[in-house]
Every structure is written in structure tokens, then in C-alpha cells.
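Close look at the chain arrangement
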Amino acid sequence: MPEPQTAVDKALTLLKSLAELDGEIGVSELARRTRMSKSTTFRLLGILQRNDLVERAGSNYRLGGSLFDIGSRAYGPTTPLLQEWLLPHLADLHELTGETVHLAVLHGTNVVYVNKLHGHRAARSPARIGARLPAYCTGVGKVLLAFDHDAAEAAITAGLTARTEYTLADPGRFRAALGRVRRDGIAYDRQEAVLGLTCVAVPIMGPAGRPVAALSIAAADRRFDAARFAPALRRVAHEAGRAVTSARARQTVPTGAGALSGV
């Protein structure tokens, strides 16, 4: 027999329901969607509002600003700083190519997309800001796994599920591909995550000589010559790495005691 929902369970249900919306919603409709009484919904929304987790807009409610601050730190304390330091370089890459560009970090065996700028001819892609995808089938993921043996082996152990007919699902072939990525410093995703989408990715190296993030360019496979953009991608990633190293040197917070631990 399932345990009864606590007030915390119900409050989290409200937040998740609000997160699925693109806009605002009234108490009655939110209560209907979450199958709670209107009085319970109203009471819990008041508590969430006092904690800036939801905002009131007239008689409607939407997610509050504190959730953004919490969410931006979900994948480690360095992520907001990387977003700040590397946004100019992501913008440079977008201007140079006119294509959709991504900034991603490794989280376990997944990649998390922490920033994205759309091109005018953006292809359908599951990579949105805050989204997680299996690292093994993405360009940014492969370029990060190539320099993290433990994460790569964990991904293989978990299973390389074929998301498309082009996914590298064989462990031997996948390890060989990562070896080429380490050698060449560049990775390609040729319709491995989504049919019709191709991308090229390179690592952004931190002061410890290991990747702190990855940059990629993505476009529709039918028109995208990924190799043509490789020189610009490498150049921007090199400058981005220098920016991270320089910003790290300017920080006064001791390593391990604050924002830059691990960078």
C-alpha cells in the first residue's frame, strides 16, 4: 500500500506541474491538474511564494526566481561561473558559423547543456539549456568521456543503447572512437543521438590540463559539413580555455573552499 503524500510531496508536485507550463496558471486549474483540493493548493502555493519558489501574477501563479538560482547550481558550484566566463566565446562561435552552438559539461555519464545559442536554420534537437543526454551518443559527451576513463567505462557498463541506427553501441568500437578523440582533440556526432542532426565538438581545457566543458556546433545533417567548421571551433575553444585559466588565477577563494573547486 503506497504511503500517503506529505505536504512536501504535494508542494513538489505543484512545482513540477508549474514547470511543465509555458506561462501562468490559476489555483483551480492547478488543483485540477495535480488532483489536490483547491484549499490545499492555495495553502501550499502561499508557502512556496513566501520562499520565492513561486510568484503570483494577479490571480495566477508561475515559478519563482529562486528556482533559477537553485537549478543553476544543480550540477556543481562551478557551472554558473563557466556560463559567465564562456558566454562571450559561445557568442563568438555563433557569429563565426551562424549555426546552433552549445556549451556542455559532464555530469556522471550524462552531459548537461548549460548554454545554447540558436542559428537561423536550427535543426530539431533535444539539446536545450538544462537538458541532460547520455554522453556516449553526443559530440560534447564523447569529447568529455575521452578524457575521463572512469566515466567512459561507467557509460559502457550502463549500456550503450542504440538511439538511432548510427549510434556507436558496440563497446569495442566505442572505446576505439574515444581513442581517436583523445588523439585528434575533436569528436563528431553523425546522427547518433537524433536522426537528421550532426554536430562537431571540442573540449575546453582548464588549468589542470583536463576538460572543464565542451563546445559544439550542430546543424541538419543534410547540409552540414562539420569538418569545415573544425578550425573555428578549435580556435574558439583554445581562447575559451585561456579565459578559464585566467579567471581561475584571479579568484581569491581557496581551491576546495568555494566556487572554483575542481576547475
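Our subject in this report is the structure included herewith.

1. Focus: the packing of helix 2 (residues 27-34) against helix 3 (residues 38-50)
Running from N to C, helix 2 and helix 3 point in directions that differ by 110°, and their axes come no closer than 9 Å. Judged by the angle between their axes, helix 2 and helix 3 are roughly perpendicular. Contact residues: V27, S28, L30, A31 and T34 in helix 2; K38, T41, F42 and L45 in helix 3. Broken down by class, the residue content of the contact of helix 2 with helix 3 amounts to 5 nonpolar, 3 polar and 1 charged.

2. Topic: the packing of aromatic side chains
How two aromatic rings sit relative to each other is set out by the distance from centre to centre and by the angle between their planes. Tallied over the entire structure, the rule returns 1 aromatic pair. On the basis of an interplanar angle of 25° and a centroid distance of 5.4 Å, the ring pair of F224 and F229 is categorised as stacked. When sorted by exposure, F224 lands in the same class as F229, which is buried. The ring of Y188 has R190 sitting right over it, with the charged end atom 4.3 Å from the ring centre. The ring of F229 carries the charged tip of R228 above its face, separated from the ring centre by 4.5 Å.

3. What to know about helix 1 (residues 7-19)
With 13 residues, helix 1 should cover 18 Å at 1.5 Å per step; its first-to-last C-alpha distance of 18 Å lies within 8% of that length. Here helix 1 has its buried residues at A11, L14, L15, S17 and L18. Projected down its long axis, helix 1 shows its buried positions confined to an angular sector of 165°, all on one face. Summarising the geometry of helix 1, the exposed residues directed more than 90 degrees from the buried face are V8, K16 and A19.

4. Re helix 2
Turning to helix 2, its buried residues number three or more, namely V27, L30, A31 and T34. Burial along helix 2 is one-sided: seen end-on, the buried residues are contained in an arc of 100°. Against the buried residues of helix 2 lie helix 1, strand 1 (25-26), helix 3 and strand 3 (60-63). R35 sits one or two residues past helix 2 and shows a positive phi near 60°.

5. Considerations on unusual backbone geometry
If you check the backbone angles, D52 has positive phi at about 60° while not being a glycine. For D52, a relative accessible area of 34% corresponds to the partly exposed category. At Q191, a residue that is not glycine, the phi angle is positive and equals roughly 65°. Mapped onto the fold, Q191 is located in the loop between strand 7 (187-190) and strand 8 (197-205).

6. Concerning the sheet that holds strand 6 (residues 132-134)
The 6 strands lie next to each other as 6-5-4-9-8-7, forming an open sheet whose pairing is antiparallel. The open sheet has two edge strands, strand 6 and strand 7, and neither has a second partner. Neighbour-to-neighbour, the strand axes of the sheet open up by a mean angle of 30°, direction not taken into account. Pairing between strand 4 (residues 100-107) and strand 5 (residues 110-117): 7 bridges, direction antiparallel. By the bridge assignment, L103 is partnered in strand 5 with N115.

7. Concerning the sheet that holds strand 1
A sheet is described by the order of its strands in space; here 3 strands give the open sequence 1-3-2, paired in antiparallel fashion. Strand pairing shows two members of the sheet lacking a second neighbour, strand 1 and strand 2 (54-57), which therefore form its edges. Examined bridge by bridge, strand 2 and strand 3 share 4 bridges and lie antiparallel to one another. Counterpart to R56 in the pairing with strand 3 is Y61.

8. Quick notes on the environment of R182
Inspection of the secondary structure assignment puts R182 in helix 8 (residues 171-184). Accessibility expressed as a relative area gives 44% for R182, which makes it partly exposed. Not counting chain neighbours up to four residues away, the residues in contact with R182 comprise A146 and F147. Of the polar contacts made by the side chain of R182, one reaches the backbone oxygen of A146; its length is 3.0 Å.

What counts, and at which threshold
Residues numbered from 1 in each chain as written. Predicted model: local features only at pLDDT ≥ 70, side-chain atom pairs only at ≥ 80, totals over all residues. Heavy atoms only, no water. Axes fitted to C-alpha atoms, helices over the stretch in contact; angles between N-to-C directions. Helix = DSSP H or I, 4+ residues; strand = E, 2+ residues; numbered from the N terminus. Parallel < 35°, antiparallel > 145°, perpendicular 65-115°, else oblique. Contact = heavy atoms within 4.5 Å. Nonpolar A, V, L, I, M, F, W, Y, C, P; charged D, E, K, R; others polar. Phe/Tyr/Trp six-rings, centres within 6.5 Å; stacked < 30°, edge-to-face > 60°. Buried < 20%, exposed > 50% of the residue type's maximum accessible area, 1.4 Å probe, protein only. Lys NZ or Arg CZ within 6 Å of the ring centre and 35° of its normal. Expected span 1.5 Å × (residues − 1). Arc of directions from axis to C-beta. Pairing = 2+ DSSP bridges. Polar contact = N/O pair within 3.5 Å; in protein donor to acceptor, adjacent residues only side chain to side chain.

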